[in-house]
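# A closer look at the structure
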Amino acid sequence: SPHVTVTGPLTALPAAVEVAAYRIVSEAVANAIRHSGGSRCEVVLRADPEVLRIEVCDGSGLPADAEPHVGLLSMRERAEELGGRLIVDSRPGRTSITATIPLTVKP
């Protein structure tokens, strides 16, 4: 089951950042449920004045031959279209997806 931790205020996020964060977390948690086989998924949201950091971890690693599919590619696109980035770190027993999104969205 997902466990969510929030650090920092999330009250005044730009609408585009809110939508991207929601979609990234939704897709990452769905992937963890669908593919990990683990019993725990942790979601951590950290906001500071300049950046929102999203981390979703599960209790299993991706297979060595795993190919990025639509869900992972769409999460990366959502972060990058707002000037952010997405990093996937998979090791035996743990996969984490970390997105950083600037809070000052450039027009």
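Just above, that's the structure.
A brief report on the enclosed structure follows. (Residues numbered from 1 in each chain as written. Predicted model: local features only at pLDDT ≥ 70, side-chain atom pairs only at ≥ 80, totals over all residues. Heavy atoms only, no water.)

A separate point is the environment of D48. With respect to the secondary-structure elements, D48 resides in the loop between strand 2 (41-47) and strand 3 (51-58). Here the alpha-carbon distance between D48 and T7, two residues 41 residues apart in the chain, equals 8.5 Å. A polar contact is formed between the side chain of D48 and the backbone nitrogen of V51, at a distance of 2.8 Å. (Helix = DSSP H or I, 4+ residues; strand = E, 2+ residues; numbered from the N terminus. Polar contact = N/O pair within 3.5 Å; in protein donor to acceptor, adjacent residues only side chain to side chain.)

Now for the side chain of T98. Its place among the elements puts T98 in strand 5 (residues 94-102). By relative accessible area, T98 is classed as buried at 12%. Excluding anything up to four places from it in sequence, T98 contacts R53, I54, E55, R85, L86 and I87. (Buried < 20%, exposed > 50% of the residue type's maximum accessible area, 1.4 Å probe, protein only. Contact = heavy atoms within 4.5 Å.)

Another point: the nonpolar core. I24, L52, I54, V56, M75, L86 and I101 are the most contacted members of the largest nonpolar core, which has 25 residues in total. In contact with M75, not counting residues within four places along its chain, are I24, E27, A28, N31, L86 and I97. (Core = buried A, V, L, I, M, F, W, Y, C linked by side-chain atoms within 4.5 Å.)

Purely geometric stuff here, so don't read any function into it on its own.
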